[in-house]
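Each chain, letter by letter, is given below.
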Amino acid sequence: MTTNQLLEIKEFGQSIWMDNLSRDIVQSGELKDLVENKGICGITSNPAIFEKAIAGNAIYDADIESGISAGLPTYKIYESLAFADIRNACDILRPVYDATQGLDGYVSIEVPPTIAHDTEATIKEARRYYKEVARENLMIKIPGTEAGLPAFEQAIYEGISVNVTLLFSVQSYINTAWAYIRGLERRVAEGKEISKIASVASFFLSRIDTNIDGKIDAKLQKGVDDLTVEAKLKAVKGKVAIANAKIAYQEYKKIINDERWKALAAKGAQVQRLLWASTSTKDPNYSDVMYVDELIGSDTVNTLPPATIDACADHCNVANRLETGVEEAYQLIESLKDPDINIDINTVMDELLTEGIDKFVKPFESLMKSLETKVRQLSPV
């Protein structure tokens, strides 16, 4: 590539992380190249990514056989594979972590999605993962569920860096930001160091538009007699996720100007950045980089799947747009209450959180099944 827009985005204070991890990209040197030459400065993973990486991939067979020889159950074999990949990715990204003084260079791994509604189990697994992976630049992913937030606060208090995932509503982000502040305040009250702890709040995008666009299309398909109503409905399509994100960023600005946060910042606390997640465009009628172009701004992260990384490096239109059209964003969200549109955004966000957990649970269970099959195939007769 002669030009790489990803590097240009960094000039606006936004970090680009990659939403993908597999042993192939680690061992081939691809990840090292992405980090050293393409501007990638973090990695996120999830159960769906590990299912894709491990299922049916012979590159893991030797380690699976070692796990079988050691008498490990299937779940522990999975962990041995995932933890090894995470450690290796952490090591590749460690120079970024050091160079940015702990701002970037993180690799995220998610606690099992099956415990998303269990606070104590989440805390226990977060501790164990952090201890077993044993890398400073590891982030534990904890879902922003009602049960997940107290687990997140406790993890921060214990000095574990956390990526809070599956945030959809602006209020869920606000709740997350204050949980981070409370965790840090508890450490400060006990005279503990806070400058080495980091967090991002993963705010999901494309799934919001997919959900709302589906509701709008259903209304249009039923037939709309009034052209004004039709125009109102069409004006909302593909716009809600970006508007929602811009409003969340305005809340972020309020929080970092609060005296409680300023007191922590004075003691060396790292700001919890908003991370734009679910950034691959699902509708082919929309730009394949719309969730990048429209949300470039300082103190943020955008985590992109490989196809979006390639698309953005090639043709992102880089400019600081995160704080443009903010008033229009508020108006757009407010317009959903119009009787002619009549979409309850809070209901949508609740639906998306439930679906989001399910979208991680199913591939996790599928991975366990495929791994069990492989264990049987590789086990000595």
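Computed from a predicted model, the values in this text were never measured in an experiment.

On to the packing of aromatic side chains, then. For the structure shown, the criterion picks out 12 aromatic pairs. Taken together, a centroid distance of 5.8 Å and an interplanar angle of 85° make the contact between Tyr78 and Phe364 edge-to-face. With Tyr78 in helix H6 (residues 74–99) and Phe364 in helix H17 (residues 345–378), the pair connects residues that are 286 residues apart, well separated along the chain. Accessibility classification places Tyr78 together with Phe364 in one group, the buried group. With 5.0 Å between their ring centres and 75° between their planes, Phe83 and Tyr129 make a pair best called edge-to-face. Here Phe83, found in helix H6, pairs with Tyr129, found in helix H7 (residues 119–133); they are 46 residues apart in sequence, far enough to count as distant.

Looking now at unusual backbone geometry. Not every positive phi belongs to a glycine, and Ala134 is a case in point at roughly 55°. Relative to the assigned elements, Ala134 resides in the loop between H7 and strand S4 (138–143). The backbone of Asn342 sits at a positive phi, close to 55°, despite the residue not being glycine. Tracing the backbone shows Asn342 in the loop between helix H16 (326–335) and H17.

This paragraph deals with the state of the cysteines. This model, assessed by the stated rule, comprises one disulfide. Paired by a disulfide, Cys312 and Cys316 hold their sulfur atoms 2.2 Å apart. An S-S torsion of about -115° defines the bridge between Cys312 and Cys316 as left-handed. The pair formed by Cys312 and Cys316 is uniform in burial state, with each residue classed as buried.

What follows covers the sheet that holds strand S2 (residues 40–44). Pairing is parallel in the closed barrel, where eight strands are placed in the order S1-S2-S3-S4-S5-S6-S7-S8. Across this sheet, the average inter-strand angle for adjacent strands is 30°, counted without regard to direction. The sheet contact formed by strand S1 (residues 14–19) and strand S8 (residues 300–304) spans five bridges and is parallel. Across the sheet, residue Met18 finds its bridge partner in S8, namely Leu304. Each of strand S3 (106–110) and S4 touches H7; the most contacted strand, S4, lies at about 165° to it.

Each packed pair of helices is defined by two parameters, the angle between the axes and the distance between the axes. Between H6 and H7, the least distance of the axes is 10 Å, while the angle of their chain directions is 55°. Between H6 and H7, the angle is such that the two are oblique. Of the two possible hands of crossing, H6 and H7 adopt the one that is right-handed. Counting all contacts with H6, which are made through Tyr75, Lys76, Glu79, Phe83, Ile86 and Arg87, the residues of H7 involved are Glu125, Arg128, Tyr129, Glu132 and Val133. Looking at the contact of H6 with H7 residue by residue, the class counts come to five nonpolar, no polar and six charged.

On inspection of all chains with the given rule, the structure shows 28 salt bridges. As a salt-bridge pair, Glu158 and Arg127 come within 2.7 Å of each other at their nearest N and O atoms. You can see Glu158 sitting in the loop between helix H8 (148–157) and strand S5 (162–167) and its partner Arg127 sitting in helix H7, a full 31 residues away along the chain. Accessibility expressed as a relative area gives 41% for Arg127, which makes it partly exposed. Residue Glu251 is joined to Lys254 by a salt bridge in which the shortest nitrogen-to-oxygen separation is 3.0 Å. Here Lys254 and Glu251 lie together in helix H12 (residues 240–256), a separation of three residues that amounts to about one turn. Look at Glu251 and you get buried, because its relative accessible area is 15%. Put simply, Lys76, Glu79, Glu125, Arg128 and Glu132 are held in one network by salt bridges that share partners.

Criteria and cut-off values
Residues numbered from 1 in each chain as written. Predicted model: local features only at pLDDT ≥ 70, side-chain atom pairs only at ≥ 80, totals over all residues. Heavy atoms only, no water. Phe/Tyr/Trp six-rings, centres within 6.5 Å; stacked < 30°, edge-to-face > 60°. Helix = DSSP H or I, 4+ residues; strand = E, 2+ residues; numbered from the N terminus. Buried < 20%, exposed > 50% of the residue type's maximum accessible area, 1.4 Å probe, protein only. Disulfide = S-S within 2.5 Å. Pairing = 2+ DSSP bridges. Axes fitted to C-alpha atoms, helices over the stretch in contact; angles between N-to-C directions. Contact = heavy atoms within 4.5 Å. Parallel < 35°, antiparallel > 145°, perpendicular 65-115°, else oblique. Left-handed = near helix turned anticlockwise from the far one by under 90°. Nonpolar A, V, L, I, M, F, W, Y, C, P; charged D, E, K, R; others polar. Salt bridge = Lys/Arg side-chain N within 4 Å of Asp/Glu carboxyl O.

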